[in-house]
Amino acid sequence: MTSQTTIKTLLILGASGDLTGRLLLPGLARLAARGHTPGLTLVGAGSDDWTQEQWLERLETSFADANSQADSSGKRELKRIHKGTGYHQLDVTAAGQLAGLLATLKGPVAVYFALPPKISQLACEALTPEQLPAGTRLVMEKPFGSNEESARHLNKILAALVPEDHIHRVDHFLGKATVLNILGLRFANNFLEPVWNRDHIAKVEIIFDEDLALEGRARYYDGAGALRDMIQSHLLQVMALMAIEPPASVDERDLRDAVATLLRASSIKAPYAKNTRRARYAAGTIDGRKVPDYAQETGVDAARGTETLAEVQVSIDNWRWQGVPFLLRSGKALSSARKEAVVTFRPPPHLPQGFTGVDSPNQLRIGFGPDTLQFDVDVNGPGDVLSLDRATLHAELSASELLPYGEVLEGVLSGDPLLSVRGDTAEDCWRIIDPVLKAWARDSVPLEEYAAGSPGPEGWAT
Ligand code: NDP
């Protein structure tokens, strides 16, 4: 399938950075190899004094994987992008420098801020609307602000430059396929929607456990922690899709309105010592690999008390979900990787006498990356038909051919903000977690400890 590209130039700021090399360029290469980038010019810019050769070398390395799998037209497209690209050295925060480059580019332009968050903000502050070619799209990376107030301030700066539907606040966690898989499951199956509420669902858990530790990312992670890094952004978005009211369509306006309405009804309530937990990993072993104590990792300031595992219970105060706990958890250096949403149904009101065996609540599990569906049901037998047993129905859900950042860029290039976080929602996600961050900063919730490679602190396992 070839999508219509409206953008003529993709300008990546921070072209020498980690995100660009490891995620953005490989994502772009997959898109290009599948014919989604007709006529697109790629331009790189950064503060590094790179030569054109260094930039081309970076492209070759990042494109290699897609190139090896591409058919002849895909290879031609990758070559065309490689041939037409250029690198520019500039300080994006210096008055006039970014504007000067923009004036030379063919519009409409998508400006991708693959920069440290503070630099992105300064770069936007240095721009005026007249300096942007018509139709410019601004692509902002996470974290979007560091609390509700700073997110609101950043939104004001962006709103002065381009309309909201030309701002892409990236959330690469939820690819388009995953979003549509959740919506398809919920709204295309009449047996699910009537029971998808407080009368029939006891709790919803959204878990993102990693078996990876810090992996040298102290510079970013130690200032963020699990709550900001994963829950504030990604897991609240998953929760919203699991809980929204049925939208009339899956276009960006209907869907993002539904998500915004749901998040406005959501909060984490005090007492935070009851409704939130935090912990940090100590030395341990994961799959035979020795992992050092987080506090001893290079670049970590132990006194900051950054959590590597966070869990919060979100309440959704509306008719459908009143009283149903939504438990969101994410952490690093755990015994196994587990990425799923688990919906636990209430037990049946009466089990006919005569049945034996275990009657456990039905659970529906949606696994993320690869996307899967698992439904645990109680059935009779085998052998004794009166004895209840557990059976699992399993399905693979549709996968995307594109890498997560390929899907992000596809939305940017085709002018579809469906996958990006709308401004009001970005602020609301901070509004939900700000009180918890403050309570943790006051030490109202103890920072527990767990050995790397364990399932978490004692008593946490779900
Ligand atoms: P890096 O520090 O690796 O790269 C930042 C880039 O910005 C460098 O190329 C740097 O150039 C450039 N830069 C800094 N200051 C200026 C300036 N004044 N003018 C022009 N260029 C400048 O960061 P990442 O690539 O890791 O992250 C970029 C963004 O992406 C961040 O917001 C991060 O939170 C987000 N992100 C990153 C992920 C990752 O896995 N890396 C994942 C998800 C989000 P120089 O080296 O010369 O200073």
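These figures come from a predicted structure and were not determined experimentally. (Residues numbered from 1 in each chain as written. Predicted model: local features only at pLDDT ≥ 70, side-chain atom pairs only at ≥ 80, totals over all residues. Heavy atoms only, no water.)

(A) Highlighting unusual backbone geometry. Residues G107 and P108 are joined by a peptide bond in cis, for which omega reads -5°. With respect to the secondary-structure elements, P108 resides in the loop between α4 (97-102) and β4 (109-113). The peptide bond linking G369 to P370 adopts the cis configuration, its omega dihedral lying at 0°. Examined against the element boundaries, P370 turns out to sit in the loop between β16 (363-367) and β17 (372-380). Notably, A333 is not glycine yet its phi reads approximately 60°, a positive angle. Structurally, the position occupied by A333 is in the loop between β13 (326-331) and β14 (338-345). For A333, a relative accessible area of 0% corresponds to the buried category. (Helix = DSSP H or I, 4+ residues; strand = E, 2+ residues; numbered from the N terminus. Buried < 20%, exposed > 50% of the residue type's maximum accessible area, 1.4 Å probe, protein only.)

(B) Structural view of the site of the ligand. Around the ligand, 23 residues are found, and the nearest of them are S16, D18, R22, S47 and D48. Contact between the ligand and R22: an oxygen atom at 2.6 Å from a side-chain N or O atom of the residue. The side chain of D91 places a nitrogen or oxygen atom 2.8 Å from a nitrogen atom of the ligand. With the chains in place, 80% of the 900 Å² that the ligand exposes on its own is no longer accessible. The set of elements that each furnish at least two residues to the shell around the ligand consists of α1 (18-33) and α5 (117-125). (Near = heavy atom within 4 Å. Polar contact = N/O pair within 3.5 Å; in protein donor to acceptor, adjacent residues only side chain to side chain. Areas by Shrake-Rupley, 256 points an atom, 1.4 Å probe, with all protein chains shown as cover.)

(C) Summary view of the environment of E401. In this structure, E401 sits in the loop between β18 (387-396) and α12 (404-414). When the C-alpha positions of E401 and L31 are compared, they lie 9.1 Å apart, and in sequence the two are 370 residues distant. Not counting residues up to four positions away in its chain, the partners in contact with E401 are R30 and R34. A polar contact is formed between the side chain of E401 and the side chain of R34, at a distance of 3.1 Å. (Contact = heavy atoms within 4.5 Å.)

(D) Expanded view of the domain arrangement of the protein. Domain parsing of the protein yields domain 1 (9-169) and domain 2 (176-401 + 422-451). Its C-alpha centre places domain 1 at a distance of 32 Å from the equivalent point of domain 2. At the interface, 14 residues of domain 1 touch 13 residues of domain 2. Counting every contact that joins domain 1 to domain 2 gives 3 salt bridges. (Domains from an automatic or database assignment. Salt bridge = Lys/Arg side-chain N within 4 Å of Asp/Glu carboxyl O.)

(E) Local environment of the nonpolar core. Counting 108 residues, the largest nonpolar core has L11, M239, F326 and L328 as its most contacted members. For this core, the element with the highest residue contribution is helix α9 (residues 225-243), accounting for 12 residues. Each of domain 1 (9-169) and domain 2 (176-401 + 422-451) gives at least three residues to this core. Excluding residues within four positions of it along the chain, F326 makes contact with V204, M239, A243, V312, Q313, V314, I316 and W321. In terms of nonpolar packing, the next biggest core, distinct from the first, is built from 33 residues, L10, L59, L78 and I81 among them. (Core = buried A, V, L, I, M, F, W, Y, C linked by side-chain atoms within 4.5 Å.)

(F) Quick peek at the sheet that holds strand β6 (residues 167-169). What the 6 strands build is an open sheet, ordered β3-β2-β1-β4-β5-β6; its pairing is parallel. Of all the strands in the sheet, the pair left with one neighbour each is β3 (86-89) and β6. On average, adjacent strands in this sheet sit at an angle of 20° to one another, irrespective of strand direction. Bridging between strand β1 (residues 9-13) and strand β2 (residues 41-46) involves 5 bridges; their strand directions are parallel. If you follow L11 over to β2, its bridge partner there is V43. (Pairing = 2+ DSSP bridges. Axes fitted to C-alpha atoms, helices over the stretch in contact; angles between N-to-C directions.)

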